[in-house]
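# Residue-level structure breakdown
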Amino acid sequence: MKNMSYSWMVCLAFVTMLGLLAPGARQTGLAMGSVIVESTNVTFDDRAAMFGSQLGDDGLVGKLMVIGDIEADNIDGCRRLATRMDSSESWIMLVERGGCGFVEKVRNMQASGAAAVLVGDPWYDMPITMYASGDTSDVHIPSSFVARSSYTGLRSAARNAHTPIEIKLVRNEYYELPFLDVLFITILSPLLMMGFIYVLYRLRLRQNRLRDLAPQDLVKSLPINTFNHAKYREGEPAECAICLDDFEDGDELRVLPCKHQYHALCIDRWLTTRKKFCPICKKSVCPSSESTPLLPARLRAFV
Ligand SMILES: [Zn+2]
Ligand SMILES: [Zn+2]
């Protein structure tokens, strides 16, 4: 009963926590977007950062500048450009992932005159949402992450042109995770895990409990003695130490290996549902190999 109420308390706390988190989860969509090359209309996917400003409904048009092409040793944008760009033009700077934190790259490019920053992944084709801990209120330009295919596509488009190409960043609708996915991730999956842990816990309890009991067939194999008052000898117990009733002629008594005897019904129930020990002398009715050894097996071999 105590275990049950504890489990229910844990479940209740968990469900309450989900209730608190759920509204936040609904608002946290993934800001998917596109990078459009104006001259060709070739479109690449990007994903907005969690910091900096967000694009307005009209998006942002600017000239693409691949930082690695103008400063080969600063391809990752981990330091400011040697010369700040002319701020009369809107520059969208493309830097490579790695070397330093996302926000650091965006800060460096912001200080170098960027109107927006794209961070490209040279290794993986998996979009991620750029996140930064700490205060990022100084970042006031938008930035996005582009996975490998978009990154290489944008770089080739820039290299194939003689002058900086014009691109447009647009933000698509906030993409909400499908309802069933959210339900599974936030509720069902933790609940399944908790259910699994609870089943394991109950199995362990049951296992421990069975270890304390004597097996039915072993108990049934212990000898039975029919009580006969005429054969009673002075000093022998005349009552059952479990139910405290006097033995009567014809009572079936179970004789334990320690020679203590009880009503068969009383001791059978005791051994199979309470403890595998004799209630008087505490000696186990199970053979020593079935009781919990005091010494490990490798040491018992030497005893
Ligand atoms: Zn009894
Ligand atoms: Zn005994």
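Residues numbered from 1 in each chain as written. Chains lettered and ligands numbered in written order. Predicted model: local features only at pLDDT ≥ 70, side-chain atom pairs only at ≥ 80, totals over all residues. Heavy atoms only, no water.

## A short note on the confidence of the model for the protein chain
The pLDDT averaged across the protein chain works out to 84; a share of 82% of its residues lies at or above 70. Scored below 50 in pLDDT, residues 22-29 shows four contacts in the model against residues more than four places distant or in partner chains. Residue range residues 289-303 is modelled with pLDDT below 50. Its contacts to residues more than four positions away, or to other chains, number seven contacts. (pLDDT = per-residue confidence, 0-100. Contact = heavy atoms within 4.5 Å.)

## A word on the coordination of the zinc ion (ligand 2)
Taken together, Cys 258 (SG), His 260 (ND1), Cys 278 (SG) and Cys 281 (SG) make up the protein donors of the zinc ion (ligand 2), found 2.0 to 2.3 Å from the metal. Around the zinc ion (ligand 2) sit four donor atoms; with metal-centred angles ranging over 107 to 116 degrees, the donor geometry is tetrahedral. For Cys 278, a relative accessible area of 1% puts it in the buried group. (Donors = N, O, S within 2.8 Å, 3.2 Å for Na, K, Ca; no water. Tetrahedral: all angles 85-135°; square planar, octahedral: opposite > 155°, others 65-115°. Buried < 20%, exposed > 50% of the residue type's maximum accessible area, 1.4 Å probe, protein only.)

## Comments concerning the pattern of salt bridges
Charged atoms that come close allow side chains of opposite charge to pair. Counted by the stated rule, this structure contains 11 salt bridges. In this structure, Lys 63 and Glu 89 form a salt bridge, with 3.4 Å as the shortest nitrogen-oxygen distance. Taken together, the positions of Lys 63 in strand β3 (residues 60-66) and Glu 89 in the loop between α2 (67-70) and β4 (91-96) put the pair 26 residues apart, joining distant regions of the chain. For Glu 89, a relative accessible area of 32% corresponds to the partly exposed category. For the salt bridge of Asp 69 with Arg 159, the shortest nitrogen-to-oxygen distance reads 3.0 Å. Residue Asp 69 is found in helix α2, and its partner Arg 159 is found in helix α4 (residues 148-160); the two are separated by 90 residues along the sequence. (Salt bridge = Lys/Arg side-chain N within 4 Å of Asp/Glu carboxyl O. Helix = DSSP H or I, 4+ residues; strand = E, 2+ residues; numbered from the N terminus.)

## Quick look at the packing of aromatic side chains
For the coordinates displayed, the defined rule picks out three aromatic pairs. Between Phe 102 and Phe 145, the aromatic rings sit 6.0 Å apart at their centres with planes inclined by 80 degrees, giving edge-to-face as the arrangement. One end of the pair, Phe 102, is in helix α3 (residues 102-111); the other, Phe 145, is in strand β6 (residues 143-146), and 43 residues separate them in sequence. Judged by its relative accessible area of 16%, Phe 102 falls in the buried class. (Phe/Tyr/Trp six-rings, centres within 6.5 Å; stacked < 30°, edge-to-face > 60°.)

## Some remarks on the coordination of the zinc ion (ligand 1)
Note on the zinc ion (ligand 1): its protein donors are Cys 240 (SG), Cys 243 (SG), His 263 (ND1) and Cys 266 (SG). The metal-donor distances range over 2.1 to 2.3 Å. Taken together, the four donor atoms surrounding the zinc ion (ligand 1) define angles of 91 to 118 degrees at the centre, an arrangement classified as tetrahedral.

## Observations regarding a negative patch on the surface
A cluster of acidic residues, Glu 239, Asp 245, Asp 246, Glu 248 and Asp 249, forms a negative patch on the protein surface. Looking at where Asp 246 falls in the secondary structure, it is placed in the loop between β8 (224-226) and β9 (252-255). (Patch = residues over 30% accessible without salt bridge, like charges linked within 9 Å, V, L, I, M, F, W, Y side chains within 5 Å. Areas by Shrake-Rupley, 256 points an atom, 1.4 Å probe, with all protein chains shown as cover. Lys, Arg positive; Asp, Glu negative; His and termini not counted. Charge placed at Lys NZ, Arg CZ, Asp CG, Glu CD.)

## Concerning the sheet that holds β8
Overall, antiparallel pairing links the three strands, which are arranged β8-β9-β10 in an open sheet. Since the sheet does not close on itself, it has two edges, and those belong to β8 and β10 (261-263), each with one partner. Strand-to-strand twist of the sheet, defined as the mean angle between neighbouring strand axes without regard to direction, takes the value 40 degrees. Taken together, the three bridges between β8 and β9 define a ladder with antiparallel strand orientation. Looking across to β9, one finds that Asn 225 is bridged to Leu 253. (Pairing = 2+ DSSP bridges. Axes fitted to C-alpha atoms, helices over the stretch in contact; angles between N-to-C directions.)

## Focus: a nonpolar patch on the surface
Together, Phe 184, Ile 185, Ile 187, Leu 188, Leu 191 and Leu 192 give the surface a local cluster of nonpolar side chains, amounting to about 530 Å² of exposed area. Residue Leu 191 is classed as partly exposed on the basis of its relative accessible area, which comes to 35%.

## Structural notes on α4
With 13 residues, α4 extends 18 Å between its outermost C-alpha atoms, agreeing within 8% with the 18 Å of an ideal straight helix rising 1.5 Å per residue. Listed as buried for α4 are Ser 150, Tyr 151, Gly 153, Leu 154, Arg 155 and Ala 158. (Expected span 1.5 Å × (residues − 1).)

## Re the state of the cysteines
In this structure the tally under the stated criterion is one disulfide. Disulfide pairing places Cys 78 opposite Cys 100 at an S-S distance of 2.0 Å. Taking the torsion about the sulfur-sulfur bond, which here is approximately -100 degrees, the covalent link between Cys 78 and Cys 100 counts as left-handed. Here Cys 78, found in the loop between α2 and β4, pairs with Cys 100, found in the loop between β4 and α3; they are 22 residues apart in sequence, far enough to count as distant. Owing to a relative accessible area of 18%, Cys 100 belongs among the buried residues under this scheme. (Disulfide = S-S within 2.5 Å.)

## Describing the environment of Trp 91
Tracing the backbone shows Trp 91 in strand β4. Assessed through its relative accessible area of 11%, Trp 91 is described here as buried. Sequence-wise, Trp 91 and Gln 110 are 19 residues apart; in three dimensions their C-alpha atoms are separated by 9.8 Å. When sequence neighbours within four positions are dropped, the list of residues in contact with Trp 91 reads Lys 63, Met 65, Met 85, Asp 86, Gly 113, Ala 114, Ala 115, Ala 116 and Pro 164.

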